[in-house]
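Close look at the chain arrangement
So you can see what is in the structure, the chains are spelled out below.
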Amino acid sequence: MSESSENEGGGPGKAFYRTLAEASSDIITVVDSAGTIMYANGTVETVLGYEPDEVTGTDGDEYVHPADRDSVTETFDAVRAAPGESRTVEFRARSADGSGGWVEATMQNLLDDIDGIVVSGRDVTGHRERERELVTTKERMELALQGANLGIWDWNMQTDEVSRDELLTEMLGYTQAEMGDRMRGWEEIVHPDDEKRHNEALSRHISDRTPYYQCDHRLRTKSGDWKWVRTTGKVVERDENGSPVRAVGIHQDIDDRKEYERAIEQAREELRQVIDLIPDPIFVQNRDDELLLTNEANAKMVGSTREEIEGEREPDVFPDTEHYEKRRQRDLDVMDSGESMECKETVTTTDGTTRIFQTTRIPFDTAKAD
């Protein structure tokens, strides 16, 4: 074939295609049927650091990572066996400085035309690194979701299609197929006493455009039990009219937390019953003079009920202004010193009766969360 710009048939010649190859931002090489490099353009120096003459006449396998040679050889053999065939393969290429990078190479069999196989390679190292980062991020997110008992859902609010991940369905003991891909799959397992509350929370979010909505509700597991789940969701897409199009969110298994809260509430109720059985007045008061807790005997003494006086300040409950300041100072002294105090004090109840009590004041610190 002539080196002129046109061949005998009037079409472009070798010089034309060489010019195109040299102008390409991809590595362009031509190898013979044995895999020996017969030509390399200048981009091989830009990407891999080799002079074109340095690689010409060498075996192409030398620049392929050993772990990737089988896949490259398989692709090369398939292309070589089929004239006009074109295939693509990714591999790690060895650079002149000993480092490596990922190359996506497209091989095309042109043995009949130019007695060679054209290999066009582009650097995809950055793309591979981003893929690896995405995989790592996804793995970390899945571990975090598993550790926190979280499941993700994605709801198309126009078609009613819902995508649920396996963490969510497995939380309830179902397969993804059993849960289905429609919102009605959720509606069939939500506790009837909780559905309205959940829907109201969602409606407020949609109409008021609050940052997100959240609701604790019970869902029926595959075994027939009820599991407490916290749903947190957000509308992430609306149409031109402002109507919601898509919402995403998470389900969190809070069954253990709810069980703990029930145990605390039961213990609190049992304590309440115990102190209500004590005939002497008992109350808990803070530094702001608020009555945090009182038993029935104390409420009866002031002519009221527990519900009416808990949360109120002592001056609003006891009309006895004459002795109030002394009692108040004693309370502060006990809280400041951290030591108990016993004393006699006079109390005038709401019906005007004056009574003398032997009172024990005990300092008390409310437990604080870590």
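Here goes a summary of the coordinates provided.

Conventions adopted
- Residues numbered from 1 in each chain as written.
- Predicted model: local features only at pLDDT ≥ 70, side-chain atom pairs only at ≥ 80, totals over all residues.
- Heavy atoms only, no water.
- Pairing = 2+ DSSP bridges.
- Helix = DSSP H or I, 4+ residues; strand = E, 2+ residues; numbered from the N terminus.
- Phe/Tyr/Trp six-rings, centres within 6.5 Å; stacked < 30°, edge-to-face > 60°.
- Buried < 20%, exposed > 50% of the residue type's maximum accessible area, 1.4 Å probe, protein only.
- Lys NZ or Arg CZ within 6 Å of the ring centre and 35° of its normal.
- Expected span 1.5 Å × (residues − 1).
- Arc of directions from axis to C-beta.
- Patch = residues over 30% accessible without salt bridge, like charges linked within 9 Å, V, L, I, M, F, W, Y side chains within 5 Å.
- Areas by Shrake-Rupley, 256 points an atom, 1.4 Å probe, with all protein chains shown as cover.
- Salt bridge = Lys/Arg side-chain N within 4 Å of Asp/Glu carboxyl O.
- Lys, Arg positive; Asp, Glu negative; His and termini not counted.
- Charge placed at Lys NZ, Arg CZ, Asp CG, Glu CD.
- Polar contact = N/O pair within 3.5 Å; in protein donor to acceptor, adjacent residues only side chain to side chain.
- Contact = heavy atoms within 4.5 Å.

This next bit is on the pairing of strand S6 (residues 150–156). Bridge count between S6 and strand S10 (residues 244–253): seven bridges; the pairing is antiparallel. Bridge pairing in S10 links tryptophan 153 to glycine 249. The pairing of S6 with strand S7 (residues 161–164) spans four bridges and is antiparallel. Residue pairing across strands places asparagine 156 opposite glutamate 161, the latter belonging to S7. In this antiparallel pair of consecutive strands, S6 and S7, the connection spans four residues, and aspartate 160 shows a positive phi of 70°.

Following the criterion strictly, the structure yields one aromatic pair and no others. When the ring of tyrosine 50 is compared with that of tyrosine 63, the centres are 5.1 Å apart and the planes differ by 70°; the resulting orientation is edge-to-face. With tyrosine 50 in the loop between helix H2 (43–48) and helix H3 (52–55) and tyrosine 63 in the loop between H3 and helix H4 (69–80), this pair connects stretches of sequence that are 13 residues apart. Here tyrosine 50 matches tyrosine 63 in class, with each residue buried. We note arginine 128 situated over the ring of tryptophan 102; from NZ or CZ to the ring centre the distance is 3.8 Å. A cation sits over an aromatic face here: lysine 258 above tryptophan 228, 4.5 Å from the ring centre.

Moving on: helix H10 (residues 192–208). Count 3.6 residues to each turn of an α-helix, and residues three or four apart come out pointing the same way. If you check H10, its first and last C-alpha atoms are 25 Å apart, about what 17 residues at 1.5 Å a residue would give, namely 24 Å. Among all positions in H10, only Asp194, His198, Ala201, Leu202 and His205 are buried. The buried side chains of H10 occupy one side of the element, clustering within an arc of 95° when seen end-on. In H10, the exposed positions angled more than 90 degrees off the buried face are occupied by Pro192, Asp193, Lys196, Ser207 and Asp208. Count one or two residues on from H10 and you reach arginine 209, which has phi positive near 55°.

Where like charges cluster on the molecular surface, the negative patch consists of Glu45, Glu51, Asp53 and Glu54. Locating glutamate 51 in the fold gives a position in the loop between H2 and H3. Residue glutamate 51 is classed as partly exposed on the basis of its relative accessible area, which comes to 43%.

Per the counting criterion, the structure on display carries 25 salt bridges. The partner of glutamate 104 in a salt bridge is arginine 122, with the nearest N and O atoms 2.7 Å apart. Of the two residues, glutamate 104 sits in strand S4 (residues 100–110) while arginine 122 sits in strand S5 (residues 116–123), which places them 18 residues apart along the sequence. With a shortest N-O distance of 2.4 Å, aspartate 331 and arginine 361 are connected by a salt bridge. With a gap of 30 residues between them, aspartate 331 in helix H15 (residues 324–337) and arginine 361 in strand S14 (residues 354–361) connect regions that are remote in the sequence.

What follows concerns H4. Under the 1.5 Å per step criterion, the end-to-end length of H4 is 16 Å for 12 residues, consistent within 8% with the ideal 16 Å. Restricting attention to buried positions, one finds in H4 the residues Val72, Thr75, Phe76 and Val79. Taken around the axis of H4, the buried residues stretch over an arc of 100°, which confines them to a single face. The exposed residues of H4 that point more than 90 degrees off its buried face are Asp70 and Glu74.

Time to look at the side chain of asparagine 41. Along the chain, asparagine 41 falls in the loop between strand S2 (37–40) and H2. A polar side-chain atom of asparagine 41 sits 2.9 Å from the main-chain carbonyl oxygen of aspartate 26. Sequence-distant contacts of asparagine 41, defined by excluding residues within four places in its chain, comprise Ala21, Glu22, Ser24, Asp26, Ile27, Ile28 and Pro52.

Attention shifts here to unusual backbone geometry. Phi is positive for aspartate 160, close to 70°, though the residue is something other than glycine. You can see aspartate 160 is positioned in the loop between S6 and S7. What makes aspartate 160 partly exposed here is its relative accessible area of 26%. Its identity is not glycine, yet aspartate 289 carries a phi of approximately 70°, on the positive side. With respect to the helices and strands, the residue aspartate 289 is situated in the loop between strand S11 (283–285) and strand S12 (291–294).

Geometric values such as these leave the question of function open.
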